[in-house]
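# Understanding the architecture of this molecule
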Amino acid sequence: MKTTLKLKTLLLVLASVFAFSSCLDDSDDSSGPAYFSYVTIAGDQAFGYKFYADNGAILIPTSASIDQVLPGLKNSNVKRAFVSFDVMNAPADGFLRPGETYQIVLGSSYYSNYAIPTYQTLYSFEATDSLHTDNQVINNVNNNIWAANGYVNAQMTLNYEQSKTFYLNTYYTDECIDVDNNTFHLNLYYNSKSSNPYDQGTSVFSFRLPEDIEFNFQSDSINLVLNAITNYGDKQLTKVGECKMAVKDFHAPMY
């Protein structure tokens, strides 16, 4: 099966944060769509949609396949998704290339066509604000993070309580912009808002990158480091993932 990215199968149990309406087919996937990708979504129903794949390809889905597979898209504000599809003008070798545009038909698959929960990145003015003092442990962060099309992405496991709305963001301070080492640090902020977070879920989460950070760096690419609290009873941030990202990926595509 062809893929635009090498991605692990995800366990999606935080169903309350997924607002994507999709038609899922639980039949044998051997005859299902050939391609899967994380995408940033641009456009709208009136002017059409463009899906920017995280490998750099630009995907143009047919209106009919959106209506069939993602009927909730037109009434949502979804920015990130994991989709499955076939390519109408697929290259002979089957590989979708960065910068190239492809016409696609979305296809039903049990493991795809869902929204990725997205959150903002905040700026922290001082070390005494709630981003520091109320920050809690994140159970696990897969260190294979990646940044593309305006978002940094990480698969994480959270402890939460179903009846409570948790808070999740990334944040940074001035000290996080390390120009000398061509590195930008982002910190995960998590607050379960519960004294009994006994439920647990694993998902990929996407965090909007701050566009103005781009102007601090002179190179085309930088190192992005993700930090989080991972030890109970500890407020110390530690590195949980690192990747190289293109500076242009601080910006999400407009259309």
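Below you will find a few notes about this structure.

So, how was this worked out
- Residues numbered from 1 in each chain as written.
- Predicted model: local features only at pLDDT ≥ 70, side-chain atom pairs only at ≥ 80, totals over all residues.
- Heavy atoms only, no water.
- Helix = DSSP H or I, 4+ residues; strand = E, 2+ residues; numbered from the N terminus.
- Buried < 20%, exposed > 50% of the residue type's maximum accessible area, 1.4 Å probe, protein only.
- Contact = heavy atoms within 4.5 Å.
- Core = buried A, V, L, I, M, F, W, Y, C linked by side-chain atoms within 4.5 Å.
- Phe/Tyr/Trp six-rings, centres within 6.5 Å; stacked < 30°, edge-to-face > 60°.
- Lys NZ or Arg CZ within 6 Å of the ring centre and 35° of its normal.

Of note, Leu-70 is situated in the loop between helix H1 (63–69) and strand S4 (80–87). We classify Leu-70 as buried; its relative accessible area is 1%.

What follows is about the side chain of Ser-65. Relative to the helices and strands, Ser-65 resides in helix H1. Residue Ser-65 is classed as buried on the basis of its relative accessible area, which comes to 3%. Ignoring anything within four residues of it in the chain, the contact list for Ser-65 reads Leu-70, Ile-104, Val-105 and Leu-106.

Our next topic: the nonpolar core. Counting 33 residues, the largest nonpolar core has Met-156, Leu-168, Phe-184 and Leu-224 as the members making the most contacts within it. Only strand S11 (151–160), strand S12 (167–172), strand S14 (183–191), strand S15 (199–208), strand S16 (221–228) and strand S17 (238–246) provide two or more residues apiece to this core. Top contributing element to this core by residue count: S11, with five residues. In contact with Phe-184, not counting residues within four places along its chain, are Tyr-172, Cys-176, Ile-177, Pro-210, Ile-213, Phe-217, Ile-222, Asn-223, Leu-224, Val-225 and Phe-250. Ranked by size, the runner-up nonpolar core spans 22 residues in total, among them Ala-57, Leu-73, Val-83 and Val-87.

Our next topic: the packing of aromatic side chains. For the coordinates displayed, the defined rule picks out 13 aromatic pairs. Ring centres 4.6 Å apart and planes at 40° place the aromatic pair Tyr-38 and Phe-82 in the tilted group. Separated by 44 residues along the polypeptide, Tyr-38 in strand S1 (residues 35–44) and Phe-82 in strand S4 bring together distant segments of the chain. Feature note: the residues Phe-36, Tyr-38, Phe-82, Tyr-114 and Trp-146 constitute an aromatic cluster, connected by ring pairs. The ring of Tyr-255 has Lys-50 lying over it, and the distance from NZ or CZ to the ring centre is 4.8 Å. In this arrangement the basic side chain of Arg-208 is found over the ring face of Tyr-151, its NZ or CZ atom lying 5.7 Å from the centre.

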